[in-house]
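Close look at the chain arrangement
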Amino acid sequence: MSIFEYNGSALVAMVGKNCFAIASDRRLGVQLQTIATDFQRIFKIHDRLFLGLSGLATDAQTLYQRLVFRHKLYQLREERDIKPETFANLVSALLYEKRFGPYFCQPVIAGLGVEDKPFICTMDSIGAKELAKDFVVAGTASESLYGACESMFKENMEPEELFETVSQALLSSVDRDCLSGWGGHVYVVTPTEVKERILKGRMD
């Protein structure tokens, strides 16, 4: 078993019309044994920027703390919130610094940029970015998430339809992966509000 699959995870970010959704499962396991069913994988950087971390849970928490530290320094120096594109470059540089002993994480970054344009990207454990215009996925359920998102995604979805689409994609995908699941955690972010919802899924 790969170290990336040790705790299990499922992450997806999807773009709508001037909005985006980011969703994760809630299971924390040690291989096939479930340890917790309310594990947090999505973190708020600021009101318009969210970070999801799949992979090894301990590294995800360490990486998040280092990124919060870097963002606070940025806020002090620049006196403004960081742009999603800039934050993606920051995460990429931080990961590449440690390329000979990497954090075993696959980050998903989602945010609203200038003129409320949604930005999503993911990267590997050494910071190689992959930008997308529709959706990005990460974690042990990524293969089934690709299929579900590919078939369900539509352009210019309104926030409610986007929530429905990303939730159905997540729930149907984690049922096909025994290392992730146990419900879902969904954020839908628009220029004016952030909606957070907990999904109930199969508890097995």
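Scroll up to find the structure.
Description of the structure in this document. (Residues numbered from 1 in each chain as written. Predicted model: local features only at pLDDT ≥ 70, side-chain atom pairs only at ≥ 80, totals over all residues. Heavy atoms only, no water.)

Description of the overall build of the protein chain
When helices and strands are counted, the protein chain shows four helices and 12 strands. For the protein chain, the C-alpha radius of gyration of 16 Å lies close to 17 Å, the compact-globule estimate for 204 residues. Judged by the C-alpha coordinates and their principal axes, the protein chain covers about 45 × 40 × 25 Å. Across the 204 residues in the protein chain, those meeting the buried criterion constitute 51%. Partitioning the intrachain contacts of the protein chain with sequence separation of at least 6 by distance along the chain shows that 62% fall at a separation of at least 24. Carbon and sulfur atoms make up 49% of the accessible area of the protein chain, which totals about 9900 Å². (Helix = DSSP H or I, 4+ residues; strand = E, 2+ residues; numbered from the N terminus. Rg over C-alpha atoms; globule rule 2.2 N^0.38 Å. Buried < 20%, exposed > 50% of the residue type's maximum accessible area, 1.4 Å probe, protein only. Contact = heavy atoms within 4.5 Å. Areas by Shrake-Rupley, 256 points an atom, 1.4 Å probe, with all protein chains shown as cover.)

Remarks on the nonpolar core
Across soluble globular proteins, nonpolar side chains have a tendency to be buried as a group. In terms of nonpolar packing, the biggest core is built from 23 residues, with Val 12, Met 14, Leu 145, Cys 149, Val 166, Leu 170 and Val 186 touching the most fellow members. Elements represented by at least two residues in this core include exactly strand E1 (10-15), strand E2 (20-25), strand E10 (135-139), helix H3 (142-152), helix H4 (159-174) and strand E11 (184-189). Per-element accounting of this core gives the leading share, six residues, to H4. When near neighbours in sequence (up to four residues on either side) are disregarded, Met 14 contacts Phe 20, Ala 21, Asp 134, Phe 135, Cys 149, Phe 153, Met 157, Leu 162, Thr 165 and Val 166. By size, the runner-up hydrophobic cluster in this structure holds 22 residues, among which are Leu 51, Ala 60, Ala 88 and Leu 90. (Core = buried A, V, L, I, M, F, W, Y, C linked by side-chain atoms within 4.5 Å.)

Considerations on H4
Taking 1.5 Å per residue, 16 residues should reach 22 Å; H4 reaches 22 Å between its end C-alpha atoms and fits that length. When H4 is considered as a whole, its buried residues turn out to be Leu 162, Phe 163, Thr 165, Val 166, Ser 167, Ala 169, Leu 170, Ser 173 and Val 174. Those residues of H4 hidden inside the fold are in contact with E1, E2, H3, E11 and strand E12 (194-199). (Expected span 1.5 Å × (residues − 1).)

Things to note about the sheet that holds strand E6 (residues 49-55)
Judged by pairing direction, the sheet is antiparallel, and its five strands sit side by side in the order E5-E6-E7-E8-E9 without closing on themselves. Of all the strands in the sheet, just strand E5 (42-46) and strand E9 (129-132) have a single pairing partner and so form its edges. Neighbour-to-neighbour, the strand axes of this sheet turn through a mean angle of 20°, independent of strand direction. Bridge count between strand E8 (residues 118-123) and E9: four bridges; the pairing is antiparallel. By the bridge assignment, Ile 120 is partnered in E9 with Ala 132. The sheet contacts of helix H1 (residues 57-78) involve E5, E6 and strand E7 (105-112), and relative to E6 the element is tilted by about 155°. (Pairing = 2+ DSSP bridges. Axes fitted to C-alpha atoms, helices over the stretch in contact; angles between N-to-C directions.)

Focus: the sheet that holds E1
Taken together, the five strands give an open sheet; going across it, the order is E10-E1-E2-E11-E12, and neighbouring strands pair in antiparallel fashion. Every interior strand has two partners, whereas the edge strands, E10 and E12, have only one. The sheet shows a mean angle of 10° between the axes of neighbouring strands, taken without regard to direction. Pairing of E2 with E11 involves six bridges; the strand directions are antiparallel. Pairing of Asp 25 across the sheet is with Gly 184, part of E11. H3 rests against E1 and E10 of the sheet, and its axis sits at about 160° to E10.

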